[in-house]
Each structure stands twice: as structure tokens, then as C-alpha cells.
Amino acid sequence: MSSHNTIYLDHNATSPPSSEHLEKAMAVFQQSCGNPSSPHSLGRASSVALTKARHAVANALGVGVGEIVFVSGGTEANHMGTVGVLQHKGLFSKNEKACVPHVIYSAVEHPAVGAGFEHLASQGLIKATVVPVDSQGKIRAQDVFDAINQDTVLIAIMAANNEVGTIQPVLELGQELHRKRWLQQPCAESAHLQTIHFHVDGVQAFGKIPIEQWMSLGVDSVAISGHKIGAVQGTGALFMRKGRKCVPPFLGGAQEKNRRPGTENLFGIISFGMACQDSVLQTDWWSKIKAMDDRRQMLFQAIAKSNGVVMNSCLKDTLPNTVNFSVGNGEDLLLMLDMNGICASSGSACSSGANLPSKTLLAMGRSAHQAKNAIRLSLSWQTSDKDIANVIGFLEKAIK
Ligand code: PLP
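Thresholds, definitions, all that
Residues numbered from 1 in each chain as written. Predicted model: local features only at pLDDT ≥ 70, side-chain atom pairs only at ≥ 80, totals over all residues. Heavy atoms only, no water. Pairing = 2+ DSSP bridges. Helix = DSSP H or I, 4+ residues; strand = E, 2+ residues; numbered from the N terminus. Axes fitted to C-alpha atoms, helices over the stretch in contact; angles between N-to-C directions. Buried < 20%, exposed > 50% of the residue type's maximum accessible area, 1.4 Å probe, protein only. Near = heavy atom within 4 Å. Polar contact = N/O pair within 3.5 Å; in protein donor to acceptor, adjacent residues only side chain to side chain. Areas by Shrake-Rupley, 256 points an atom, 1.4 Å probe, with all protein chains shown as cover. Nonpolar A, V, L, I, M, F, W, Y, C, P; charged D, E, K, R; others polar. Contact = heavy atoms within 4.5 Å. Parallel < 35°, antiparallel > 145°, perpendicular 65-115°, else oblique. Left-handed = near helix turned anticlockwise from the far one by under 90°.

This brings us to the sheet that holds strand β4 (residues 102-106). Pairing is mixed in the open sheet, where 7 strands are placed in the order β3-β9-β8-β7-β6-β4-β5. Each edge of the sheet is formed by a strand with only one pairing partner; in this case those strands are β3 (68-71) and β5 (127-131). Taking the axes of each pair of neighbouring strands and ignoring which way they run, one obtains an average angle of 20° across the sheet. Relative to strand β7 (residues 197-201), strand β6 (residues 152-158) runs parallel, the two sharing 5 bridges. Along β7, the bridge assignment pairs Met-158 with Asp-201.

Looking now at the pairing of strand β8 (residues 221-225). In terms of burial, β8 is largely enclosed, as 5 of its 5 residues are buried. Here β8 shows two buried faces, one formed by Ser-221, Ala-223 and Ser-225 and the other by Val-222 and Ile-224. Pairing of β7 with β8, which is carried by 3 bridges, proceeds in the parallel orientation. Bridged to Asp-201 within β8 is Ala-223. In this structure, β8 lies alongside strand β9 (residues 236-240), joined through 5 bridges in antiparallel fashion. Directly across from Val-222, in β9, lies its bridge partner Phe-239.

Right, let's talk about the sheet that holds strand β10 (residues 310-311) for a bit. Strands in a sheet are paired, the pairing made by backbone hydrogen bonds, and the direction either parallel or antiparallel. Sheet architecture is open: 3 strands sit in the order β10-β11-β13, paired in antiparallel fashion. One side of each edge strand has no neighbouring strand; the edge strands of this open sheet are β10 and β13 (374-378). Relative to β13, strand β11 (residues 322-326) runs antiparallel, the two sharing 5 bridges. Bridging from a neighbouring strand, Val-323 pairs with Leu-377 of β13.

Around the ligand sit 14 residues in total, of which Gly-74, Thr-75, Asp-201, Ser-225 and Lys-228 are the nearest. Ser-225 places a polar side-chain atom, nitrogen or oxygen, 2.6 Å from an oxygen atom of the ligand. At 2.6 Å, a side-chain N or O of Lys-228 approaches an oxygen atom of the ligand. Computed on the free molecule, the ligand has an accessible area of 390 Å², of which 90% lies beneath the protein chains in the complex. By residue number, the principal contributor to the shell around the ligand is helix α3 (residues 74-88), which donates 3 residues. Within the shell around the ligand, the residues separate by chemical class into 3 nonpolar, 9 polar and 2 charged.

Inspection of the secondary structure puts Thr-82 in helix α3. Among all residues touching Thr-82, those that are not within four sequence positions of it are Val-113, Phe-117, Leu-154, Ala-156 and His-199.

One way to put it is that helix α11 (residues 330-339) packs onto helix α14 (residues 385-398) with a least axis distance of 11 Å and a crossing angle of 135°. Between α11 and α14, the interaxial angle falls into the category oblique. Our pair here, α11 against α14, has a crossing hand that is right-handed. Residue-level contacts link Leu-333, Met-336 and Leu-337 of α11 to Phe-394, Leu-395 and Ala-398 of α14.

All right, on to the side chain of Thr-235 then. Position of Thr-235 relative to the elements: it lies in the loop between β8 and β9. Residue classification places Thr-235 among the buried residues on the basis of a relative accessible area of 0%. Setting aside chain neighbours within four positions, we find Thr-235 in contact with Val-71, Ser-72, Gly-73, Ser-225, Gly-226, His-227, Asn-265, Gly-268, Ile-269 and Phe-272.

Moving on, we come to unusual backbone geometry. Of note, the phi angle at Glu-256 is positive, near 50°, even though the residue is not glycine. Tracing the chain through its elements places Glu-256 in helix α8 (residues 255-258). With phi around 70°, Asn-258 is a residue other than glycine that occupies positive phi space. Mapped onto the elements of the fold, Asn-258 is located in helix α8. Note on Asn-258: relative accessible area 54%, which makes it exposed.

Okay, structure coming up:
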């Protein structure tokens, strides 16, 4: 999105819905704004709208319709796919004899995953192995396999990082897990691996890289979020593979087949379904993403030439919309960008209120100063060549 005086390059925080999208979603909502659980005609119309949206999200992810649970966003979906799964395994019940469950996650997970594990570990309820990343923010799949022990119950690895855009080897992990679980000779290892839940935070990857191609193998649950793909905020989904289970985040009604109580956010869900229809499910979607990637590469190369800049994103194995770099005074540059109508971010949106060094960049080996002075520019498929040329022109003058 860019109006004549604003260039919006913060799509990893939120990709704002277009007016056309809002009008289309509102028109459907107005025809079906009852409660999907009500038995009368308006209730039935709402239930039909809900089902239609569920089909769109399931198709966009390449999974079964019954495997989609609508939730309030990526944070809730991640909570259910991690803490909710541990709860379902009965791991926090008081049992002196029970061993402490072991989980594996990466050093660059979003707080929607990492904070839950940190809390549980601080209470002595889990043991955790935090897999390190290299200077590009990437884990090694082998490190995850090496960390598995007899108490391991859950692995959580993000598909792509929100700050620097690094794509993790989730496909490789899923394929290998699938092979070891089901294709090798049955043995103690395969039996144990079948019980380990593999959760993926797909919030940033969904719609930017074709993660639906990963779904058939090894992955047990995936979190996605509507507002990252042009739907309204406050909606998301958890893919939970048939046969895998988690405890709902709270108690209440039987909505979402007892998996997520509470009257559904129908307008949000309609918007989410439409956003899937208008993106991933369009035949020309991936060519639009390719064009966006070309623009990202142009921006990347221009910034990389500037004096005193440290690139935190890479050209390869990175989301096709994300460029992250550190400069001498990132806070000032962010302010100048804003004053010149360019919306950018200092890293993860959730921590940008407080000026703390980015945990992701520290994990990648950047200094505290570099980790505090990072700028993230994140494009959408609608970001134009002119937007990119204007931003490059501005940065060339601002970074000397
Ligand atoms: N996971 C990742 C990788 C994210 O980038 C975000 C949000 O930025 C979330 C989870 C949380 O999603 P939501 O904002 O929908 O709660």
C-alpha cells in the first residue's frame, strides 16, 4: 500500500487491507451476520460463510478442511500449537515420578513461541534446548536431530523469521522426520519420533513462500495470521493435523469442534478467507511474488552499497519481501524515514515500543549496538518500482 505521500514498508508487522477488500468482506458479512451456531436462516447463512472461509484457508495451506481451527491470530495459534499441545500431553500434572518434558526450539523464534517456553522453563515445567543460528539467522536441521533425547516431546521451528526474513530448513526437517518416523524399519527411535509433536510458526512465511508444499510431510501443526496477508487484524488459524491434539486456550462453548470456544470473529474470518482467495489461491500469485522479490533485491543491493551499513538479511533463502540492515544511528534514521512518509520498523513490531537490542540479531552474532540500530523494510506485492526508487533515493542521501 502507498498513497501519494506515504510509502508503506512494514508489511511484516501488518499488511493493511485494501478498501476494495473491506467493501467485499463487508458485503458478505452483511448478508450473514448472525451467529454461526444459531439454527435460524441468518445463523445458517453465517455458518455457510464460515465454512466457505475455512475451505479457502485449508486450500491455501493444502490441508484438510477439518484440520483448520480459527483463532484470534498468530499468537494464539502458536500458543495452542506449543503450550496447548504440552498441556494435552498431560505434562503439567503433578506427578513426582514423571520426567520433565524436553522441548527444542530455535534462538530466533517470535515471542509468541519463545516466551511461552521461557516461562515454562523458568517454572521447572520443561527443559529446553535452544538451537543456535548462524550469522544469517539460520539453524542447522542436524542440530535439531542431535538435540532429541528420550524425554523430547515437542519441536517448534519457525518457517521464516519476522525480523530478517531467513527461511529455516523446515522442509528438510519435516522430510527427515517423516522418513525416520514412517519409512525406516520400525524401531524404538521411529516409535519415539512418532510421539514428538513438530510445530511450525508459519505466520511470516504464509503467502510469501509456498509452504503448502511442506504440509504433507512431518509437520504436525502450523500457525498462520490473517493480518499478514491483507485481512483485518484479530484473525488467524491453526492447522492441527488429524489425530494430533491440543488443549483449547480457555474454557467455554463447543465452537470449532471443541477446539476453540467463543463466538467466531465472523467478519475477520470472512476477510481472512477472501485474503487467501485473492492471494495464494490466484494462479498468478507466485509470479507477483517473484516481481516483489526482484524489487526487494534492487533495494537490498542499493542499501548494501552504502557506507557503514551492515546487512542483516541475505539475498538467498530469505523471504521475498524483507530487507533488514543496521546503521550507526538506527533510531534517528527510523524517525527521518517516518518524517518523510516512509513507514518502516526497527525490527519486530512487538518490541519496537521499547528500545531493546533485537534478540534475533544478538543470536546472529551482531553487536548490541548493531542489534539496537536495525531497520526492517518489508514490501508487499503492491509495492511499486517507483516506491523502491524513492526509498533508495532517500536512503542514499540519509546514510552517508
Ligand atoms: N509469529 C511471527 C513470526 C510473527 O511475525 C508474528 C507477528 O508479527 C506472530 C507470530 C504473532 O502473530 P499475531 O500478530 O497475528 O498475533
